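Fold and geometry: a report
Take a look at the letters that make up each chain.
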Amino acid sequence: MRQRVTCPEMVGRSAELDRLRDGLARAQKGSPAAVIVTGEAGIGKTRLLNEFLAGVGDKVRVVRGGCVPLAEGLQPLAPVGEMLRSLARDLPELPQSEATVLAALLSGQPPPNPAPTTQSQEVLPTPRPPMPMPQRLTPATPREASTGEAHEAVSGVALEGHADQARLFATLRRLLFAAAENATMVVVLEDLHWADASSRSLLSYLVHGMRHQEGRMLLIGTCRSDELPDQHPLRALLAELSRAGAERIELGGLGPGQVADQMAGILSAPVADELAARMHARCGGNPFLVEEVLAAGASTGPLPQGTRDILLQRVRRLNSAQRHLLLAVAVAGRTAQHELLAAVLGTAEEMLLSQLRTVVDEHLLIAVERGYAFRHALVAEALVAEALPQERVRLHRAYAEALTGRASDAAETAYHWCEAGDPVRGLIACVEAGLAAEGLFAQSEACRHFDRAIQLWDEAPPAHSLSPLDFVELCRHAAEAAFLDGDTGYAIAATRNALRRCAADTVRAGTLYERLGRYLWANGNAETESIGAYESAVQLAPAGASAQRARALTGLAGALTYADRPDAAAWCEEALQVARSAGAQREEGRALQSLGYCEAMAGNVESGLSACRDALGIATRLGHSEDLYRAYTNLAGVLRMAGRTAEAAATAMEGAHVARRHGADRTYGNLLLGDAVDALILLGRWDEADAALPDEPDIAAHGTPVIATNLWLSAAGLHTWRGRFDRTRVFLDACMQAYATHGHGHVRSMLHANHSELCLWQGQYEQASRWISTELDLLGPTEFTSLLSRLVLQGLRAEAGLTRPADLTRLVGLLEEMSRRPDPPPDAAALIAMSWAELGRIRGDCDPRLWSVAAQQWVKLDMPWPLAYSRWRLAEVLLARRPDQVRRRAGADALAEANAIAARLGAEPLRLGIVALARRTRLLSAVTDRGTAAAHPLLTDREREVAALLRSGATNRRIAQQLFISEKTVSVHVSNILAKLGAANRGEAAAIVHRDGL
C-alpha cells in the first residue's frame, strides 16, 4: 500500500480557521467581508482554505478562480472566467455589450469587433494582408474608459455604447452580489502573486466597493508573501486592501510539536522527538517541505540540504520520459490540457496515460478539469529552474505550434512564441494578444503585449507585412492602452515614437498630435506643451468639417478653457460649429461643455447652464462614460457659479452615483464626490460633508493624483474651518506631493488658497499674504471672476492682519477692475462685496453698510459660514469706538446670530473669534444665553439613537454595529451630541441624556 503524503488532519491552524469563520459569519449577516491569506510557498494556505470551505455547509455557494503563472501576469483576468463558469447557470439577463464581454471571459476567447463605421474609414490606413494564423482578430475597435479619454482604434472613432473596464468590473460586482442574494457567497481568488494587473484592479475594486454595499459575500484571496521584490505590485496592493478594510491572515511556520504531529499523521505512527526536531530545523516548520521529505523516504536517513533537492528528490527517481512529461506540464503554466500535452510530447496515447498514471500516483500531479496540474507549484518552479535552456525552448516552441493550430488564448500563444525565441511569430502573436486584451479592457496587459511587439519590430522585418498593425498604429495602440492604465509618461513617449515614423502622412500625424495633447494634459505638468500639440493637430487636420478636425478643435478648446486662456471662448465656438457641420455628436457635446464653462466664467451664467445641460443630454444619449462624468462635473461647477449651490450638490452627487454604478467610483466618482462635498460645505451641511470625506489621503483609494487632490482640498478646507489644523496639514501635504508631479493651474490656485486660509486662522498673516501673492503672480490676467475674487478676498484678509501693506496696491486694483465687470457670477458678486468690506476694515472705515451688504449677499446664496463671518465683522464695526445703545444692541444681535451659526456648524476658529469680541465688548451674554439656546437644538432622530446607546456605555464600534453605520459616522454623531449638549466628554453627555430624558 502506497504511503500517505498528507496529514489527514490539519495541524496548528485553529486560530486562523476561526478568523475565516468569523468573516463568514459577518457575511451571513449582510456585511461583506474580505480576507487575504498570505505566507511563504508551501506554508499551508491552500490546506487552510480547503479545510474552511469543507465546513461552510450546503447553504453557502463557493466560486473559485486561480491566477496563472504565465509571462508575469500577461493573461488578462485569468481567474474571472473560471469563476464565471461556475456561476453560468445563475447569470441574469444583461445588456448586449456586457453579455458579449462576459461570454468572452467564459469561453476564453476575445469578443468580436464590430465593423468600422463609414465615418471611421476616413483615416483608416491601407488594409494589411491577413496573417496566416487562425483566430486572428481584426484591429480592436475603440472603447471609452472611466479613467481617461475615449480609446480610439485604427479609425480614431470611438465605438458608442461599448462597455469599458470600469463597467465590466461593475457588471461583475453586480453579478456576484446578485448571486449572493439567494445564498451566502464565498469568492476565492488564489495565487494572487501571479495575478495580472487587471485581476489586481478587479480585486481592489471589489474590496473598496464592499464599504458601500450590503450583501452576503466573503471574498478570500491567497498569495505568497515571500520572495517578492520590493517593487512588486502585490506589496502595494496588500497595503491598499488593508486600508480598505480587508483582514490579513499571515501564516507562519509550524512549531516543533506541530511538526511532530504532522509527521505522526502522515506516518500513522508516533515519531521520535530527535527526528521531529531535526525535521523542524531543516524545513523551518514548512508543512509542504515536511511532506516532501517524508514522501522521499528521508525520515530515517540523512535529510537533504538544499530546498531544490527536497522538492526534486522524488522526481529524480522517475525515468527520463516521466521527468520530461513533468517538465512539459511545468512549462505549460498552471494547467496542462490533456490534448495539448499529447500534441507537445508526441507520445502515443496509451504510453502517455501510463506515464500520467505513474506521476499522479506519486502525488506529483493531480488531475483537474481537462488536464493536469502540479500538487504544488514549488515543484514545477524547481523543475523549470533545473532544466537546460534548450529543453525549455523546445517545449515552448512545441506549445506555440500546437496552440497556433487551435482556438486558444492569444496571451498564452504569444508567451510561448517569445519564450521559444522566434521574433517574427512572437511579434505577430504579441500584437494579437494586445488586441485581445483590449477587447477585455485589460489595458495594462495590452500595453505590455504591444510594447513587447515594439521591441521586436526591428528584429523581425518579415513580420511587418503580416502584422495586423503597422508600426505607427502599434505605437498608438500601446500609447492609448498605457494612458487608460494611468501611465501617461509611456503614452507620451510611444506617441512621439509614432510621430517620428509618419511625419509625411499629415492626416495620421494630426490624429497623433490630438492624442499627444490629451496625454500631455493628463500628465498635469505640461499645459503649454499640451496646447501646442493640440494646435499642431488643428493645423494638420483636413480643412472643412470633419470628425478629425472637430476632435482637434474640441481638445484645443478644452485645454484653453481649463488653462484659463483669454481666447478659449472663440475656439469653443469654432469647435462647436465644426462638430455640428460634421455631424460629430460626441465632439459637439464636448465643445458645449467647454463653451458652457467659458460662458459662466465670463458672467453669462444662464447661457453657460444651457450649454452644460445640452452637453449632459448628449453624453447621456450616446452613453460615453467619461463624457457623462465630465458633463456632470461641468454642470455642477457652473451651478456653483450661478449661486445654485444646493442644485450643484445634488447634481454632483447624482453624477457620483452614476459613476459608482458604472464602476468608476474611485476615479470620476471621487472627483464628483469632491465637488458635492465642496457644495455641502458652502451650504452648511458640514456633518454630511464630514461623513463623506476620507479619514486619510490615499492615492490608491481616491483615483489619479489630479482627482484625489480635488477631494483632499475639500477635506482640507473643512478641517481648517472646524479648527482641525493638524488634519488640514496632512491633506495639504498630500496635495502638494500629488501636485508636484500631476498638477494644473486650477489645482495650484485652490492649493495656494487653502494654504492661505490655514495661515489666516493661525494668525500667520505674512505667510497667508505670500501664498496669495505667489498665486496672483502665476495666474496672471484672468476672466475667471469667481476664482480671482476668492484670491483677492483672502489677500485683503491677510492685509488686514499686517502692520504694513504687503500687496495692497495690486489687490485694490484687481478689486476695482472686477467691480467694473458686467454681471459677475453670483458667487463672485458676494466675494467682491465682502472684499470691499475687508478693504474698509483695513482703512479703518466704520461704515456698517459694507458688511450688511456682504451679509445680504450670502443670505441670498444660503451660505451660512460666510454669513456668520460677515455678521461677526459687522458686529466688530458696530461695537467700535464707544457705540451708542442702538449700535450696541445691533452689535449684540449680530454677535448672537454669528455665534449661533458657528456653533451649529462646528466652526470652532470662527466661534472663538466671536467669543473673543464678545469678551472685549462685555457682551458675553450675547453668546452664552441666546447663543446656548441656538447652539443646543433638539437632537435629531439618529442622534437620539446614538445618545441612547452612548448612555448605556457602548463604544463607537458597538454603536456602529447596532445601527448598521460606519464608525466614522458614529464619531461625527457623538461630536454633534457633545456640542449640542455642551458636554465635555461622553460621560457628561450620558448624564445629560439621562437627566433630560433625551
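Structure shown above.
Residues numbered from 1 in each chain as written. Predicted model: local features only at pLDDT ≥ 70, side-chain atom pairs only at ≥ 80, totals over all residues. Heavy atoms only, no water.

1. Here we look at the overall build of the chain
Going by this rule: Counting from the N terminus, the helices are DSSP H or I runs at least four residues long and the strands are E runs at least two residues long. Three exposure classes are used, based on accessible area relative to the maximum for each residue type with a 1.4 Å probe and protein chains only: buried under 20%, partly exposed in between, and exposed over 50%. When checking whether two residues touch, look at their non-hydrogen atoms; a contact exists if any pair is within 4.5 Å. Note on areas: Shrake-Rupley with a 1.4 Å probe; residue coverage comes only from the protein chains shown.
Looking only at helices and strands, one finds 47 helices and eight strands in the chain. Here the chain, with 998 residues, has 58% of them falling under the buried criterion. A sequence separation of at least 24 residues applies to 69% of the contacts in the chain between residues at least 6 apart. Counting only carbon and sulfur atoms, one obtains 51% of the accessible surface of the chain, whose full area is about 40400 Å².

2. Details of the pattern of salt bridges
Short version of the rule: For this analysis, a salt bridge means a side-chain nitrogen from Lys or Arg found within 4 Å of a carboxyl oxygen belonging to Asp or Glu.
Scanning the model with the defined rule gives 37 salt bridges in all. The partner of Glu247 in a salt bridge is Arg19, and the shortest N-O contact between them spans 2.8 Å. Here Glu247, found in strand E5 (residues 247–250), pairs with Arg19, found in helix H1 (residues 14–28); they are 228 residues apart in sequence, far enough to count as distant. One salt bridge in this structure joins Arg727 and Glu696, with 2.9 Å as the shortest N-O distance. Residue Arg727 is located in helix H33 (residues 725–741), and its partner Glu696 is located in the loop between helix H31 (686–692) and helix H32 (705–721); the two are separated by 31 residues in the primary sequence. Residues joined by salt bridges that share partners form a network here, namely Asp470, Glu473, Arg476 and Arg508.

3. Digging into the state of the cysteines
As a reminder of what qualifies: In this description, a disulfide is simply a cysteine sulfur pair whose atoms lie within 2.5 Å.
The full count for this structure, using the stated rule, is zero disulfides. Not part of a disulfide, Cys418 finds its nearest cysteine sulfur in Cys430, a span of 3.5 Å.

4. Topic: the nonpolar core
Under the convention used in this document: What we call a nonpolar core is a set of buried Ala, Val, Leu, Ile, Met, Phe, Trp, Tyr and Cys residues that are connected through their side-chain atoms within 4.5 Å.
Trp865, Leu895 and Leu910 are the most contacted members of the largest nonpolar core, which totals 66 residues. Broken down by element, this core gets its largest block of residues, nine residues, from helix H40 (residues 864–878). Counting residues in each nonpolar core, the second largest holds 54 residues, with Cys7, Val329, Val359 and Leu403 among its members.

5. Here we look at the sheet that holds strand E8 (residues 371–374)
The cut-off we apply is this: At least two DSSP bridges between two strands are required for those strands to pair. What counts as an axis is a line fitted to C-alpha atoms, over the stretch in contact for a helix, and the angles between N-to-C directions run from 0 to 180 degrees.
Pairing is antiparallel in the open sheet, where three strands are placed in the order E6-E8-E7. If you trace the sheet from one side to the other, it starts and ends with strand E6 (336–337) and strand E7 (365–368), each paired once. Here two bridges tie E6 to E8, and the two strands are oriented antiparallel to one another. Opposite Ala336, over in E8, you have Tyr372 as the bridge partner. Along the sheet, helix H12 (residues 320–332) makes contact with E6, E7 and E8, crossing E8 at roughly 90 degrees.

6. Section: unusual backbone geometry
In this model, Asp823 sits at a positive phi of 50 degrees, which is unusual for a non-glycine residue. Residue position: Asp823 is located in the loop between helix H37 (808–819) and helix H38 (826–843). Phi at Arg881 takes a positive value of approximately 55 degrees, unusual for a residue other than glycine. Counting through the fold element by element, Arg881 comes out in the loop between H40 and helix H41 (885–905).

7. Thoughts on the packing of helix H13 (residues 338–345) against helix H14 (residues 349–361)
Applicable threshold: In what follows, roughly perpendicular refers to angles from 65 to 115 degrees, roughly parallel to angles under 35, roughly antiparallel to angles over 145, and oblique to any angle outside these ranges. For any helix crossing, the convention is left-handed if the near helix is rotated counterclockwise from the far helix by under a right angle, and right-handed if that rotation is clockwise. Under the grouping applied here, Gly and all other residues not named as nonpolar or charged are polar, the nonpolar ones being Ala, Val, Leu, Ile, Met, Phe, Trp, Tyr, Cys and Pro and the charged ones Asp, Glu, Lys and Arg.
Their axes nearest at 11 Å, the elements H13 and H14 cross at an angle of 110 degrees. Taken as axis vectors, H13 and H14 run roughly perpendicular relative to one another. Classified by chirality, the crossing of H14 by H13 is right-handed. Between H13 and H14, the contacting residues are His338, Leu341, Ala342 and Leu345 on the first element and Glu349, Leu352, Leu353 and Leu356 on the second. Tallied by class, residues from the contact of H13 with H14 come to six nonpolar, one polar and one charged.

8. Some points on the environment of Leu516
Residue position: Leu516 is located in helix H22 (residues 506–523). Sequence spacing of Leu516 and Ala491 is 25 residues, and the spatial spacing of their C-alpha atoms is 8.0 Å. Setting aside its immediate chain neighbours within four residues, Leu516 contacts Ile492, Thr495, Arg496, Leu499 and Ala533.

9. Concerning the sheet that holds strand E2 (residues 60–66)
Strand order in the open sheet formed by five strands is E2-E3-E4-E1-E5, and the pairing between neighbours is parallel. Two strands bound the open sheet, and with one partner strand each, they are E2 and E5. Within this sheet the neighbouring strands show an average axis-to-axis angle of 15 degrees, counted without direction. Here five bridges tie strand E3 (residues 184–190) to strand E4 (residues 217–224), and the two strands are oriented parallel to one another. The residue bridging Leu189 from the neighbouring strand is Gly221, located in E4.

Purely geometric numbers; function is a separate question.
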